[in-house]
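Single-letter residue listing:
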Amino acid sequence: QVQLVEFGGGLVQAGGSLRLSCAASGRAFSGGAMGWFRRAPDKEREFVAAIRWGSGRTYYADSVKGRFSISKDNGRNTVYLQMNSLKPEDTAVYYCAADRDIATDWNISRARSYNYWGQGTQVTVSS
């Protein structure tokens, strides 16, 4: 069983930057991935970004391309989400997710593909 612990949420002004961290308790699995999802008030959970442990390939939602960057530290079993040029519409609870085997690019952006989830961290962007 994988445990995920998130850090880095907080309040930031529009145009500012914030970095989220997600540390996994177990070792990475080949074919596995870790991703970030977010849920804004009165909205459904949506995909933000993901990275494959094996290849390092990254995936981004169109709404964050060019502003957010996902990366990983294999030695620390940690993924990061660097968020730049933040906008008020980025305000949401951000959840880290992980799974040991996601075969297709189609599935990597789907929340139901991930079996393990962090506790969520609040990101608030003020105008």
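This structure is a prediction, so every number in the text was calculated from the model and none was measured. (Residues numbered from 1 in each chain as written. Predicted model: local features only at pLDDT ≥ 70, side-chain atom pairs only at ≥ 80, totals over all residues. Heavy atoms only, no water.)

Colleague: Explain the pairing of strand β7 (residues 68-73) here, please?
Modeller: Within a regular strand, side chains alternate between the sheet's two faces. With six bridges joining them, β7 and strand β8 (residues 78-83) adopt antiparallel strand pairing. Among the inter-strand pairings, serine 69 is bridged to a residue of β8, identified as glutamine 82. Counting the residues that bridge the hairpin from β7 to β8 gives four residues, and of these asparagine 77 lies at a positive phi of roughly 50°. (Pairing = 2+ DSSP bridges. Helix = DSSP H or I, 4+ residues; strand = E, 2+ residues; numbered from the N terminus.)

Colleague: Would you mind going over the state of the cysteines with me for this structure?
Modeller: What we call a disulfide is simply a covalent bond connecting the sulfur atoms of a pair of cysteines. Tallying each qualifying case throughout the model produces one disulfide. Bridging cysteine 22 to cysteine 96, the disulfide has an S-S length of 2.0 Å. Here the disulfide of cysteine 22 and cysteine 96 is left-handed, its torsion about the S-S bond being about -85°. Of the two residues, cysteine 22 sits in strand β3 (residues 18-24) while cysteine 96 sits in strand β9 (residues 92-99), which places them 74 residues apart along the sequence. Of the two residues, cysteine 22 and cysteine 96, neither departs from the other in class, the shared state being buried. (Disulfide = S-S within 2.5 Å. Buried < 20%, exposed > 50% of the residue type's maximum accessible area, 1.4 Å probe, protein only.)

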